[in-house]
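# Observations on chain architecture
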Amino acid sequence: MRTVLLYLIIVIVVDSMNPSKEDGFPSDFLFGVATSSYQIEGAWNVSGKGESEWDRFTHEIPTRILDGSSGDIACDSYNKIKEDVAMLKELGVDFYRFSLSWPRLLPLGYADHVNPDGLRYYNELINELVANGIKPMVTLYHWDLPVTLADIGGWTNPVMSDLFVDYARVAFANFGDRVPYWITFNTDARGYRSDKIPPALNQSGISDYMYGHVVLLAHAKTYRMYEKDYKGVQQGKVGIVGIDVVWYEAKTNSTEDLLAAERARQFIYGWLFNPIIGSGDYPQIMKERIAFRSAGEGYPKSRLPEFSAKEKLLIKNSCDFICLNIYTTHQVQNVPEAAFSAPDYFKDARIQLSTDPAWPDSNADWLKVEPSSIRKILNWVKSEYNNPKIVISENGYADRGELEDYDRVNYYQKYLRQLLAAIKEDEADVIAYAAWSLMDNFEWDNGYTQKFGLYHVDFNDPNRTRTAKESAKYYKKVIAHRKLDSV
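Where an unreviewed UniProt entry is consulted, the chain appears under the name Beta-glucosidase, with the organism given as Photinus pyralis. According to the UniProt record, the Subunit (unreviewed entry) comment for the chain reads "Homodimer." Of the comments in the UniProt record for the chain, the one headed Sequence similarities (unreviewed entry) reads "Belongs to the glycosyl hydrolase 1 family."

## A short note on empty space enclosed by the protein
Counted according to the given criterion, the structure contains three cavities of 30 Å³ or more. As a volume, the largest cavity reaches approximately 90 Å³. Lining the largest cavity are Glu53, Trp54, Tyr141, Trp143, Trp155, Asp188, Tyr192, Ile197, Pro198, Pro199 and Tyr211. Class assignment for the residues of the lining of the largest cavity results in nine nonpolar, no polar and two charged.

## Looking at the nonpolar core
Among the nonpolar cores identified, the biggest contains 156 residues, and Leu100, Trp155, Trp182 and Leu419 are the most heavily contacted of them. Every residue in contact with Trp155, bar those within four places of it in the chain, is listed here: Trp102, Tyr141, Leu145, Met160, Phe164, Phe185, Tyr192, Met210, Tyr211, Val214, Val215 and Ala218.

## Some thoughts on a nonpolar patch on the surface
The grouping of Leu108, Tyr110, Ile152 and Val159 at the surface amounts to a nonpolar patch, some 320 Å² of accessible area in total. Position of Ile152 relative to the elements: it lies in the loop between helix 7 (147–150) and helix 8 (160–175).

## Focus on the sheet that holds strand 6 (residues 246–250)
Strand order in the open sheet formed by three strands is 6-8-9, with mixed pairing between adjacent strands. Both outer strands of the open sheet, strand 6 and strand 9 (351–354), are each paired with one neighbouring strand and no more. Averaged over all neighbouring strand pairs, the angle between strand axes comes to 40 degrees, with direction disregarded. Relative to strand 8 (residues 328–334), strand 6 runs parallel, the two sharing five bridges. Bridging across to strand 8, Glu249 finds its partner in Gln331.

## Points about the pattern of salt bridges
Between side chains of opposite charge, a pair can form when the charged atoms approach closely. Per the counting criterion, the structure on display carries 37 salt bridges. Across the pair Arg190 and Asp188 runs a salt bridge whose closest N-O atoms are separated by 3.0 Å. A relative accessible area of 36% places Arg190 in the partly exposed class. Among the ionic contacts, a cluster of salt bridges with common partners joins Arg289, Arg293, Glu297, Arg303, Glu337, Asp348 and Arg350.

## Here we look at helix 3 (residues 53–60)
Turning to helix 3, its buried residues number three or more, namely Glu53, Trp54, Asp55, Phe57 and Thr58. Contacts made by the buried residues of helix 3 are with helix 2 (37–40), strand 3 (135–141) and helix 7. One side-chain oxygen of the residue at the start of helix 3 lies 3.2 Å from the amide nitrogen of Trp54, identifying that residue as Ser52.

## As for the sheet that holds strand 10 (residues 390–394)
Reading around the circumference, 1-2-3-4-5-7-10-11 is the order of the eight strands in this closed barrel, with parallel pairing throughout. Sheet twist, expressed as the average angle between the axes of neighbouring strands with direction ignored, equals 25 degrees. One ladder, built from three bridges, connects strand 1 (residues 30–34) with strand 2 (residues 95–99); its direction is parallel. Note that in strand 2 the partner of Ala34 across the bridge is Arg97. With respect to the sheet, helix 12 (residues 255–277) is in contact with strand 5 (237–241) and strand 7 (321–325), its orientation differing from that of strand 7 by roughly 170 degrees.

## Let's talk about the packing of helix 12 against helix 13 (residues 284–296)
It is at 9 Å that the axes of helix 12 and helix 13 come closest, and there the two elements cross at 105 degrees. When the interaxial angle is binned, helix 12 and helix 13 end up roughly perpendicular. Across from Arg263, Gln266, Phe267 and Trp271 in helix 12, the residues of helix 13 making contact are Ile285, Met286, Arg289 and Ile290. Classifying every residue of the contact of helix 12 with helix 13 by side-chain character gives five nonpolar, one polar and two charged.

## Some thoughts on the environment of Ala358
Positionally, Ala358 belongs in the loop between strand 9 and helix 16 (372–384). For Ala358, a relative accessible area of 64% puts it in the exposed group. A C-alpha to C-alpha distance of 34 Å links Ala358 and Ala480, two positions 122 residues apart in sequence.

## Some details on the layout of surface pockets
Considering only enclosed or pocket space, the largest pocket measures out at about 1100 Å³ in volume. For the largest pocket, the lining is made up of 36 residues, of which Asp188, Arg190, Asp244, Val245 and Trp366 are closest to its centre. For the lining of the largest pocket, the elements supplying multiple residues, two or more each, are helix 9 (190–193), strand 6, helix 12 and helix 15 (345–349). Each residue belonging to the lining of the largest pocket can be placed in one class, and the counts come to 16 nonpolar, eleven polar and nine charged. The volume enclosed by the second largest pocket comes to roughly 220 Å³. Counted by class, the lining of the second largest pocket contains nine nonpolar, no polar and five charged residues.

Procedures and definitions
Residues numbered from 1 in each chain as written. Predicted model: local features only at pLDDT ≥ 70, side-chain atom pairs only at ≥ 80, totals over all residues. Heavy atoms only, no water. UniProt positions renumbered as here; feature names shortened; annotations may be inferred. 1 Å grid on protein atoms, 1.4 Å probe; cavity = no way out; pocket = protein on both sides within 12 Å on 5 of 7 lines; lining within 4 Å. Points joined across faces, edges and corners; volume = space filled by probe spheres on them. Nonpolar A, V, L, I, M, F, W, Y, C, P; charged D, E, K, R; others polar. Core = buried A, V, L, I, M, F, W, Y, C linked by side-chain atoms within 4.5 Å. Buried < 20%, exposed > 50% of the residue type's maximum accessible area, 1.4 Å probe, protein only. Contact = heavy atoms within 4.5 Å. Patch = residues over 30% accessible without salt bridge, like charges linked within 9 Å, V, L, I, M, F, W, Y side chains within 5 Å. Areas by Shrake-Rupley, 256 points an atom, 1.4 Å probe, with all protein chains shown as cover. Salt bridge = Lys/Arg side-chain N within 4 Å of Asp/Glu carboxyl O. Helix = DSSP H or I, 4+ residues; strand = E, 2+ residues; numbered from the N terminus. Pairing = 2+ DSSP bridges. Axes fitted to C-alpha atoms, helices over the stretch in contact; angles between N-to-C directions. Polar contact = N/O pair within 3.5 Å; in protein donor to acceptor, adjacent residues only side chain to side chain. Parallel < 35°, antiparallel > 145°, perpendicular 65-115°, else oblique.

Structure follows, in structure tokens:
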């Protein structure tokens, strides 16, 4: 009897140390993959498509891209709808997250002229997905802004919020009867803060805050428009992707670093999420810090724009779910208050970022393998915002093009284990997960030097031949069994 009791105790202890080991994902949990239009479509100037900000950026100075490449052809997905959907069908995914190219639909950016070929292309893609039992999850904006709108200030121009609503209305009206999930923005302020990606303004602490402000208003106006004019008939849901891909962990257990890590979270996650699913306004620490730094630099008011009372009501609760792109962790260290000089986002936040050299590498210098990141950020969002519905809109690993990508398989095994624990043990309300990416593609300023795909793409072959990697076979089994232990 004593031996049996001892055995039972050991089993219970081991099981508690390995949460969710035997459990599967919820029956209604959705598995998918993600891509974006500029990264895969190609056909940059055919059939009436307008020029995008990324078209101009890569063509004017090719050396801006690590390998001098562009998305002119990319994966040629514009000409490979059936081939792409066949890969999705082979994986067995529940949904496919892809984005629309604004200049393919509205060549000059404005809704007075809709490109018939853009409507044809996306209708064919959506119809092929639906015919194969795959739910479309459509991102309206994943960085390919029409140059006509970039030339009037892009996302620093307040009029953009209304122009985006006009664009979104075209998408809802033409595709919304078959699209159950919409994402307004895949947000990223780097092009306003630096010169690495478009629009390359390099105005840290100024234009990046303008960008966030206009994007939040554009999102909220679009959500309210969908709510009023389309939701009752189409029954779709609308969300937004948060602004970063990283969990922020204190470098040490010092009070200073712990506070710095929380500042980082508020400046990065809270910047977009607090107005939408929190108070309706920017985080208090963000407002206080930027006002303090602005005054010291001689500005007559804070560099962070303010919402009116009416705008706060417009933005608050303007989503059905939020999206997180989660890849890795950064360590956060507190730094002394910087001298008052030029504005800078990191001086506003008073943080310094690093990574732990012990974390395994990937083929992206910023992406270290740190699986607990996914569970930690989900718990932070759950605690901070009363457990909203969450879609993991991207999660992935960069390889060097190998087909036997066992490092990626290991990455997914560990991250999915942490995701499952967050769902089962922590009760985070995660409804869907998208692996990034369906296939190797144009990886922004890194060109084709980094490969995130479950499927290898031969970019030296005019046919852009796709070949399943080991990770595709692994993910297919996860989806089929809906259990990690069965694969």
